[in-house]
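# Descriptive analysis of the structure
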Amino acid sequence: MKTGVVKISSISTEVRLNLLRTLHLLIILVLIASVTIIAGCQGESNKDTFPEVGQSLSKSIKQIDKQPGILLTGFAADLKVKRYKVGIEYDPGQISNDQLKQIITDYLSHAASNLSPPNNWEEMLKPYQLRIEKLGDAQKAPVIAEKDIGSTEIKWFFE
């Protein structure tokens, strides 16, 4: 009769051990899921980088000024519509359209490399609008190029 009681006790102990193991496993799975979610969320930030990106673009505009054929540059930012504007007056006799594209692309790459962490300009500007405008006598075609929010492609508007 003692063996019957021992078996019932051992079955009860086995059930308790299985429940305890299941509980431990569940706790471990919840901890792993929590750590995974927290680690994944830390990579993404709701921080608005508009001021930092604008500052980098503004400082890097000096790179355009150094190019032969560039007469004048300017930079403006509009937080309300998340738009950066770069104004360039250049001598079309000294700079071809392809050269101007390269100068602008180099400028954007330089600005992106100055951010922390360094970035490529397409990703840096993806959440924002960009407009490159012709300064000086820009009555015919004031917009040289544009990039819309969410896009990584610049649309060029040359004559």
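### Focus on the sheet that holds strand β4 (residues 143-147)
The mixed open sheet is built from five strands, whose spatial order is β1-β2-β3-β4-β5. Edge strands, defined here as strands with exactly one partner in the open sheet, are β1 (70-78) and β5 (155-156). For strand β2 (residues 83-90) and strand β3 (residues 129-134), the ladder comprises six bridges, and the chain directions are parallel. Bridge pairing in β3 places Arg-83 opposite Gln-129. Sheet contacts for helix α4 (residues 97-113): β1, β2, β3, β4 and β5; angle to β2, the most-contacted strand, approximately 140°.

### Regarding the pairing of β2
Of all eight residues making up β2, six are buried, and the element is well covered by its neighbours. Pairing of β1 with β2, which is carried by eight bridges, proceeds in the antiparallel orientation. Considered in β2, the bridge of Gly-74 is made with Gly-87. Linking two consecutive strands that pair antiparallel, namely β1 and β2, is a turn of four residues; a positive phi of about 55° is found at Lys-82 within it.

### A few points about the pattern of salt bridges
Summed over the entire model, instances satisfying the criterion amount to four salt bridges. The partner of Glu-133 in a salt bridge is Arg-131, with the nearest N and O atoms 3.8 Å apart. Of the charged contacts in the structure, one is a salt bridge between Asp-148 and Lys-155, with a shortest N-O distance of 3.3 Å. With relative accessibility at 43%, the residue Lys-155 sits in the partly exposed group. By sharing partners, the salt bridges in this structure join Lys-85, Arg-131, Glu-133 and Glu-146 into a single network.

### A few points about the side chain of Arg-83
Relative to the elements of secondary structure, Arg-83 occurs in strand β2. Beyond its immediate stretch of four places on either side in the chain, Arg-83 contacts Phe-50, Ala-76, Ala-77, Asp-78, Gln-129 and Arg-131.

### So, unusual backbone geometry
The step from Ser-116 to Pro-117 runs through a cis peptide bond, and the omega angle for that step is -5°. By the secondary structure assignment, Pro-117 is in the loop between α4 and α5 (121-125).

### So, the packing of aromatic side chains
Applying the stated rule across the entire model yields four aromatic pairs. Taking the centre distance of 5.3 Å and the plane angle of 65° together, the rings of Phe-50 and Tyr-128 count as edge-to-face. Taken together, the positions of Phe-50 in helix α2 (residues 50-60) and Tyr-128 in the loop between α5 and β3 put the pair 78 residues apart, joining distant regions of the chain. Judged on exposure class, the residue Phe-50 and its partner Tyr-128 are both buried. Ring centres of Tyr-84 and Tyr-128 lie 5.5 Å apart, and the angle between their planes is 70°; this geometry places the pair in the edge-to-face category. Highlighted residues: Tyr-84 in strand β2 and Tyr-128 in the loop between α5 and β3, separated in sequence by 44 residues. Taken together, Phe-50, Phe-75, Tyr-84 and Tyr-128 form an aromatic cluster joined through their ring pairs.

About the cut-offs
- Residues numbered from 1 in each chain as written.
- Predicted model: local features only at pLDDT ≥ 70, side-chain atom pairs only at ≥ 80, totals over all residues.
- Heavy atoms only, no water.
- Pairing = 2+ DSSP bridges.
- Helix = DSSP H or I, 4+ residues; strand = E, 2+ residues; numbered from the N terminus.
- Contact = heavy atoms within 4.5 Å.
- Axes fitted to C-alpha atoms, helices over the stretch in contact; angles between N-to-C directions.
- Buried < 20%, exposed > 50% of the residue type's maximum accessible area, 1.4 Å probe, protein only.
- Salt bridge = Lys/Arg side-chain N within 4 Å of Asp/Glu carboxyl O.
- Phe/Tyr/Trp six-rings, centres within 6.5 Å; stacked < 30°, edge-to-face > 60°.

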